[in-house]
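Chain by chain, the residues run as shown.
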Amino acid sequence: MFADGPIGFWRKALLLSALFFCFVFSKAQDVGEYYHDVTTKEWNLEVFVNTSGLGVGFQHGRTPDILNKHYWELEFLYNQHPKSVRSVNVLYEGVRPFRYGQLYTLFFLRGGYGYQRTLHQKPYWGGVKVSYNLSAGASIGIGIPNYVEVLNYNTGFGELVRYNPEIHNLNNVLGGTGMFTGIMQTTFRPGFYAKTGLNFEFAKNDYRIQALEVGLCIDMVFPFIQQMAFNDPKKFYLAGYLTYQFGKKKGYH
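As the structure is a prediction and not an experimental result, all values here were calculated from the model.

Novice: Honestly, the nonpolar core in this entry has me stumped. Any pointers?
Specialist: Inside soluble globular proteins, nonpolar side chains tend to come together where they are buried. Formed by 15 residues in total, the largest nonpolar core has its most connected members in Leu103, Leu106, Phe108, Val148, Val173, Ile225 and Tyr237. For this core, the secondary structure elements donating two or more residues are β6 (104–120) and β8 (147–152). When sequence neighbours within four positions are dropped, the list of residues in contact with Leu103 reads Ile144, Pro145, Asn146, Tyr163, Pro165, Gln226, Gln227, Met228 and Ala229. Membership of the second largest hydrophobic core comes to six residues, among which are Val49, Val130, Val214 and Leu242.

Next comes the structure, spelled out in structure tokens:
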């Protein structure tokens, strides 16, 4: 799903640039008269990239006053191991790339509760509202076993088998398979997650949501999932993230 090398570098550079841009932009706003249009409920969709993958999510919340927001969120994301590298068997033409040593393709399904506090309201002429948020809840690790195409020396053709690092190597692996080939053998691991970040809302319409959010997130599941062969399983998954949100707000009228 992800290209390696330069693409991974630029994904991390994007996150660092976004953090710097949002900090400078928030400091540059004039402090003056504010205009508050009172809303009671909000919902938004989100797409995000982090230093280990990408994902999508949904939030639904209520705003008891102009400074506070309480919300529920549901997120689904893909996690790529930092040592996962795409390889191609150059001895054969037309074969698919594969990730040598990867035992599982890993996803997380999160569901939890969050709180957002406004730090800086929009001036009456527009601008950016700055908030910080905290959220936490249950996280389910979803590991789909990795399958590869190997050469069957008896038939001379390739066959799809579950990757076994003890017997499959660069000499007999022809190529990769679809990500969901082993979906019927999926492993589920329960755990929890936590997030914290800064939210920058810049929608011109008071009843619309357009925002960028930057922050840190962590997932932990038990028992641990050994995502890569020849490596100890990760005890937790820490990542920085950049999110784009869009949605609606509901007022009293």
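Novice: Please explain the packing of aromatic side chains as it appears in this structure.
Specialist: Centre-to-centre distance and the angle between the planes together describe a pair of aromatic rings. Inspection of every chain in the model, using the stated rule, returns nine aromatic pairs. Against the face of Tyr71 rests Lys69, its NZ or CZ located 5.5 Å from the ring centre. We note Lys195 situated over the ring of Tyr241; from NZ or CZ to the ring centre the distance is 5.2 Å.

Novice: Explain the environment of Thr63 to me, please; I cannot follow it from the model alone.
Specialist: Note that Thr63 resides in the loop between β2 (53–62) and β3 (68–79). For Thr63, a relative accessible area of 9% translates into the label buried. For the pair formed by Thr63 and Lys41, sequence separation is 22 residues and the distance between their alpha carbons is 5.8 Å. When near neighbours in sequence (up to four residues on either side) are disregarded, Thr63 contacts Thr39, Thr40, Lys41, Glu42, Asn68 and Lys69.

Novice: Looking at this structure, I do not really get the sheet that holds strand β13 (residues 237–251). What am I missing?
Specialist: In any sheet, the strands associate via hydrogen bonds between backbone groups, in a parallel or an antiparallel arrangement. Taken in spatial order, the eight strands line up as β1-β2-β3-β6-β7-β11-β12-β13 and close into a barrel, and their pairing is antiparallel. Neighbour-to-neighbour, the strand axes of the sheet open up by a mean angle of 25°, direction not taken into account. Bridge count between β6 and strand β7 (residues 129–145): 16 bridges; the pairing is antiparallel. The partner of Thr105 across the bridge, within β7, is Ile144.

Calculation notes
- The residue count restarts for each chain, going from 1 along the sequence in the order it is written.
- At least 70 in pLDDT is required for a residue's local features to be given in this predicted model, at least 80 for side-chain atom pairs to be given and counted, and no such filter applies to totals for whole chains, interfaces and linings, which use all residues.
- In computing side-chain values, all of the structure's heavy atoms are included and hydrogens and water are not.
- We define the nonpolar core as a collection of buried residues of types Ala, Val, Leu, Ile, Met, Phe, Trp, Tyr and Cys that are connected through side-chain atoms lying within 4.5 Å of one another.
- Any residue under 20% of the maximum accessible area for its type is buried, any over 50% is exposed, and the rest in between are partly exposed; the area is computed with a 1.4 Å probe on protein chains only.
- For the purposes of this entry, the term helix denotes a DSSP run of H or I that reaches at least four residues, the term strand denotes a run of E that reaches at least two, and both are numbered from the N terminus.
- Note on definitions: a residue-residue contact is assigned when non-hydrogen atoms from the two residues lie within 4.5 Å.
- By convention, a stacked pair of Phe, Tyr or Trp rings (six-membered ring in the case of Trp) has centres within 6.5 Å and planes under 30 degrees apart, an edge-to-face pair has planes over 60 apart, and any other such pair is tilted.
- A positively charged side chain is recorded as over a ring if its NZ (Lys) or CZ (Arg) lies within 6 Å of the ring centre. The angle to the ring normal must also be within 35 degrees.
- At least two bridges found by DSSP between two strands are what make those strands a pair.
- To obtain an axis, a line is fitted to C-alpha atoms, over the contacting stretch when the element is a helix, and the angle between two such axes runs from 0 to 180 degrees between their N-to-C directions.

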